[in-house]
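Each chain, written out:
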Amino acid sequence: MWRNRDVISARDFTRSDIEELFETAKYMEKYAKGRLDVMRGKIMAVAFFEPSTRTRLSFEVAMKRLGGDVVGFWGAEGTSVEKGETLADTIRMLDAYSDVIVIRHRYEGAAKLAAEVAESPVVNGGDGAFNHPTQAMLDVYTIWREFGYVDGLNIGLLGDLRHARTVNSLLEILTNFNVKVYLISPEYLRPRAETIDYVQSKGLKLSFYTNVEEVIGELDVMYVVRIQKERFIDPLEYEKVKGSYRVTPDMLRKAKKTLVILHPLPRVDEIDPRVDATSHAKYFRQAALGVPLRMALIYLILS
Amino acid sequence: MWRNRDVISARDFTRSDIEELFETAKYMEKYAKGRLDVMRGKIMAVAFFEPSTRTRLSFEVAMKRLGGDVVGFWGAEGTSVEKGETLADTIRMLDAYSDVIVIRHRYEGAAKLAAEVAESPVVNGGDGAFNHPTQAMLDVYTIWREFGYVDGLNIGLLGDLRHARTVNSLLEILTNFNVKVYLISPEYLRPRAETIDYVQSKGLKLSFYTNVEEVIGELDVMYVVRIQKERFIDPLEYEKVKGSYRVTPDMLRKAKKTLVILHPLPRVDEIDPRVDATSHAKYFRQAALGVPLRMALIYLILS
Amino acid sequence: MWRNRDVISARDFTRSDIEELFETAKYMEKYAKGRLDVMRGKIMAVAFFEPSTRTRLSFEVAMKRLGGDVVGFWGAEGTSVEKGETLADTIRMLDAYSDVIVIRHRYEGAAKLAAEVAESPVVNGGDGAFNHPTQAMLDVYTIWREFGYVDGLNIGLLGDLRHARTVNSLLEILTNFNVKVYLISPEYLRPRAETIDYVQSKGLKLSFYTNVEEVIGELDVMYVVRIQKERFIDPLEYEKVKGSYRVTPDMLRKAKKTLVILHPLPRVDEIDPRVDATSHAKYFRQAALGVPLRMALIYLILS
């Protein structure tokens, strides 16, 4: 049941919740370039204390495609926060003005605090280093739309798996499915222990690799996140492995024909642009599905 | 009569204007979380040369709840002003594009200049150091909604009464009512002489205090504004009086049970968060009423 | 035919295109302060990597007057571009979310690249140093509305004709009409050779002047653009000619009574404010016509 619910952590949602979301999102795809007038008279507040064009715009478009409207701010500059207002007071104001609040914040727990303060539903548009639940829902939704199912798939995660906020949420959502997860990264850029312990306790099958070449042939999905040179302790180590974390047509020669490559975007150089033209590249479809997925989310929460 | 009128200074409005506004705002409260489709096809331009999240968003939400739409900018950065355009030319452009202009500016007289240039009504969303008329209307509206009347009340203003733009407008609006006003501040942070002379000439009863403890028991309303350490000439003076300008549960033990505490927000530390849970705390209701009050204002001006 | 077309360069449009646009814009003038509900359910994305209040707001207002909605960003700060995303990837996202993209960018060719990437129509809201086609359409539309025709007019362009992005596009649009163009500027601030060669090859009659006094009596239209002191190689040269590039009531004594003065705005000091009150001053009408002109453009492309 989604009605009036806060969306703070991917851990809060069951398989049944997610399936309801996916079925609704599939229905919404018909209206993602049109209009379904079910949120008329409702206002979404976007409180993006940290920049994010893609997440903000897909939420705004989703609300507008549903006939609702949007107010808000992005970047803390020029807001009452700059004058020293607490997050709680800012949220109380937005709560009084709007029907649903989407918050993005660099501090862990900001969305949870907002949800405690607000009477209206609060949606976490990314906070701290570990939570971006709607992105993770979108990631798995894209897989579900590509294959028609999620169970049984081999899903590789490639890159800096420790500092990418989406990876933690994605692993949490995947605990609802019977999948094998391949974590491909330098050892010290693996997900933090707390995440690994949690998802394994939920039965998620994890295996660890440092080189994508070892396993690329087994993967149905390869989810790529950025890996920054600065994260490497030893520059020589970086030089040694960097090729292994940059997706190129050459790397893909060993892949299954049906391999689906995803990326939360924006990408910088971790996927060679020549990959875009291959049948593997599904990250632009993934971005586009952000609108119907978020239309479904808003609809389920507010209607 | 409000139709097609500019809202520049609190001095321009009679008791009858204000009562019409309040009755309309009360009617609008029913729609402040819904939609009343009377501004369809109308566009508000928000020209916020200076930041203000609360004022801007409450105007935007008010317009959208009435079925209208909003365009504009906030922060002068990236606007034609940065290229050296005069305020008059910027306003002429907005006037051509929109049906009503809400302006916020750090210079005294900016709203008046805008109103002279524009054919459409101009609303002052705060300019210079002394004018924020719609905030003052909201302040008195909240009092009216709390008590059902304004006449006969004892209203305390606490904090830096010289530099708070809202205080001047509030005193001006209060000249329309038969109230006793207690100005509680260090001597050199009292309202400027020009304001005091004006409101006294209009018959407003003022008395001056430096310590809230002397009078808190007499107050029906306590309107709190920020007092900044930097404003004190003598740091020792600040240490001596600071407790007297920070509202705490302890300070409130001598207050009437029905005391209403207001604050234009954002607050920093001038009201202890523990006060929020008391029945005195009405500043969040005050903020929330900003939407119906501004819906009423827009409706009266534009319809 | 405008349907589904990108608007990248003024060179791409025929006289017949422009006449269709003008007739449609004239029809739209009736709705420029009202609402014509033909874009309901359509979303415009504004991607203003470079600031421009007037162009952005007139596009936004045009879309909203037509019943559509707008999302987007202005200033690259806080966008995914800042995180290193390519323009192509940003455009792909906007293309997935919206029905039409208006782009403003400081690099030449940005709009063309966007149009190649996007399936939705892309409108150039100004890119690089030479292209601002919708401004040029607006400029000629204003002339057409003032005189009822364009052919046969003597049109002067005054100021820094090399660095003003609008001048190049204006000359290109004017090749569709039988007009005489007087280019009035210091020699080294004439339009670049490529532009001159192109428009002359299309039959546009150009003549060159350094002093407006020589020709002002012949002009039907004087289009003024800013000339910055910094552009002069020799400060003495600036002192010598500056009076010649600043429009004053005095300068206008030799002008035809029917002379129309235009300016793309914002202006700084190149037109004396005393000129505003004369019957020559049409630059504010020109700015106002930006809404119906862009309503027509959006309508022709998207309906």
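About the thresholds
Residues numbered from 1 in each chain as written. Chains lettered and ligands numbered in written order. Predicted model: local features only at pLDDT ≥ 70, side-chain atom pairs only at ≥ 80, totals over all residues. Heavy atoms only, no water. Least-squares fit on C-alpha atoms with pLDDT ≥ 70 in both. Contact = heavy atoms within 4.5 Å. Buried area = accessible area lost by both parts, 1.4 Å probe. Salt bridge = Lys/Arg side-chain N within 4 Å of Asp/Glu carboxyl O. Polar contact = N/O pair within 3.5 Å; in protein donor to acceptor, adjacent residues only side chain to side chain. Helix = DSSP H or I, 4+ residues; strand = E, 2+ residues; numbered from the N terminus. Nonpolar A, V, L, I, M, F, W, Y, C, P; charged D, E, K, R; others polar. Buried < 20%, exposed > 50% of the residue type's maximum accessible area, 1.4 Å probe, protein only. Pairing = 2+ DSSP bridges. Right-handed = clockwise from strand over helix to strand, strands pointing away. Domains from an automatic or database assignment. Axes fitted to C-alpha atoms, helices over the stretch in contact; angles between N-to-C directions. Arc of directions from axis to C-beta.

1. Some details on the relation of the copies chain B and chain A
For step 1, the next point in the chain: Least-squares fitting of chain B to chain A yields an RMSD of 0.0 Å, with the superposition described by an axial translation of 0.0 Å and a rotation of 120°. Here the two chains are linked by the operation of a three-fold rotation axis. Using C-alpha coordinates, one finds that chain B approaches the rotation axis most closely at Asp69(B), a distance of 5.4 Å.
For step 2, the next point in the chain: The share of interface residues of chain B whose copies in chain A are also at the interface is only 7%, consistent with the copies meeting through different surfaces.

2. Focus on the interface of chain B and chain A
For step 1, the next point in the chain: At the junction of the two partners, chain B supplies 27 residues and chain A supplies 27 residues.
For step 2, the next point in the chain: Here chain B packs against chain A, burying approximately 2,300 Å² in sum over the two surfaces, 52% of which is carbon and sulfur.
For step 3, the next point in the chain: When the buried surface of chain B facing chain A is broken down by residue, Lys33(B), Thr53(B) and Arg54(B) rank first, second and third, together holding 23% of it.
For step 4, the next point in the chain: Taken together, the links from chain B to chain A amount to 5 salt bridges.
For step 5, the next point in the chain: For Arg267(B), the salt bridge is made with Asp89(A), and the minimal N-O distance between the two is 2.6 Å.
For step 6, the next point in the chain: One can count 11 residue pairs in polar contact (both at pLDDT 80 or more) joining chain B with chain A.
For step 7, the next point in the chain: Those elements giving two or more residues to the side of chain B that touches chain A turn out to be α2 (53–65) and α9 (283–302) of chain B.
For step 8, the next point in the chain: Looking at the side of chain B that touches chain A element by element, the count peaks at 9 residues for α2(B).
For step 9, the next point in the chain: Residues that form the side of chain B that touches chain A fall into these classes: 10 nonpolar, 4 polar and 13 charged.

3. What to know about the pairing of strand β5 (residues 154–158) of chain C
Residue and element names in this part refer to chain C.
For step 1, the next point in the chain: Among the 5 residues of β5, 5 are classified as buried, and the element is accordingly described as predominantly covered.
For step 2, the next point in the chain: As paired elements, β5 and strand β6 (residues 180–184) share 5 bridges and run parallel to each other. Pairing of Gly-156 across the sheet is with Tyr-182, part of β6.
For step 3, the next point in the chain: Where the polypeptide runs from β5 across helix α6 (residues 165–174) and back to β6, its parallel neighbour, the crossover connection is right-handed.

4. So, the environment of Arg294(A)
Residue and element names in this part refer to chain A.
For step 1, the next point in the chain: Note on placement: Arg-294 falls in helix α10 (residues 290–302).
For step 2, the next point in the chain: Judged by relative accessible area, which is 2%, Arg-294 ranks as buried.
For step 3, the next point in the chain: The sequence separation of Arg-294 and Arg-145 amounts to 149 residues, and the corresponding C-alpha distance is 15 Å.
For step 4, the next point in the chain: The contacts of Arg-294, once residues within four sequence positions are left out, are Thr-55, Ser-58, Phe-59, Ala-62, His-132, Thr-134, Gln-135 and Leu-138.

5. Digging into the domain arrangement of chain A
Residue and element names in this part refer to chain A.
For step 1, the next point in the chain: Each assigned domain of chain A is listed with its residue range as follows: domain 1 (10–131 + 289–302) and domain 2 (133–287).
For step 2, the next point in the chain: Between domain 1 and domain 2, the C-alpha centre-to-centre distance is 26 Å.
For step 3, the next point in the chain: Taken together, the 32 residues of domain 1 in the interface contact 31 residues of domain 2.
For step 4, the next point in the chain: Buried area between domain 1 and domain 2, both sides added, is near 2,800 Å², and the carbon and sulfur share of it is 57%.
For step 5, the next point in the chain: The tally of links from domain 1 across to domain 2 stands at 5 salt bridges.
For step 6, the next point in the chain: Across the salt bridge formed by Arg-145 and Glu-29, the nearest N and O atoms sit 2.7 Å from each other.
For step 7, the next point in the chain: Linking domain 1 to domain 2 there are 18 residue pairs in polar contact (both at pLDDT 80 or more).
For step 8, the next point in the chain: Looking at the side of domain 1 that touches domain 2 element by element, the count peaks at 7 residues for helix α1 (residues 15–28).

6. Looking at the sheet that holds β5(C)
Residue and element names in this part refer to chain C.
For step 1, the next point in the chain: Reading across the sheet, the 5 strands line up as β7-β6-β5-β8-β9 and stay open at both edges, with parallel pairing between neighbours. Since the sheet does not close on itself, it has two edges, and those belong to β7 (205–209) and β9 (260–262), each with one partner. Between one strand axis and the next, the sheet turns through 20° on average, direction left out of account.
For step 2, the next point in the chain: Of the strand pairs in this sheet, strand β8 (residues 221–224) and β9 are connected by 3 bridges, and their pairing is parallel. Looking at β9, one finds that Tyr-223 is bridged to Leu-262.
For step 3, the next point in the chain: This element, helix α5 (residues 133–147), spans β5, β8 and β9 of the sheet and lies at about 165° to β9.

7. Side note on the interface of chain C and chain B
Interfaces are often described in size by the accessible area the parts lose on coming together.
For step 1, the next point in the chain: The interface of chain C with chain B comprises 28 residues on the first partner and 27 residues on the second.
For step 2, the next point in the chain: Between chain C and chain B, the buried area comes to about 2,300 Å², and carbon and sulfur atoms account for 52% of it.
For step 3, the next point in the chain: Counting the surface chain C buries against chain B, the share from its top three residues, Lys33(C), Thr53(C) and Arg54(C), is 22%.
For step 4, the next point in the chain: Remark: the boundary between chain C and chain B carries 5 salt bridges.

8. Focus on helix α4 (residues 110–117) of chain C
For step 1, the next point in the chain: What α4(C) keeps buried is the set Ala110(C), Ala111(C), Ala114(C) and Ala115(C). Axial view of α4(C): buried residues confined to an arc of 135°, hence all on one face.

9. Here we look at the pairing of β8(C)
All names here are of chain C.
For step 1, the next point in the chain: Burial along β8 is two-sided: the residues Val-221 and Tyr-223 and Met-222 and Val-224 are all buried.
For step 2, the next point in the chain: Alignment of β5 against β8, held across 4 bridges, turns out to be parallel. Counted as the bridge partner of Leu-158 is Val-224 from β8.
For step 3, the next point in the chain: Between the parallel pair β8 and β9, the chain is carried across by helix α8 (residues 235–241), and the sense of this crossover is right-handed.

10. Concerning the environment of Tyr238(C)
For step 1, the next point in the chain: Secondary-structure assignment places Tyr238(C) in helix α8.
For step 2, the next point in the chain: Taking C-alpha positions, Tyr238(C) is 29 Å from Glu50(C), a pair spaced 188 residues apart along the chain.

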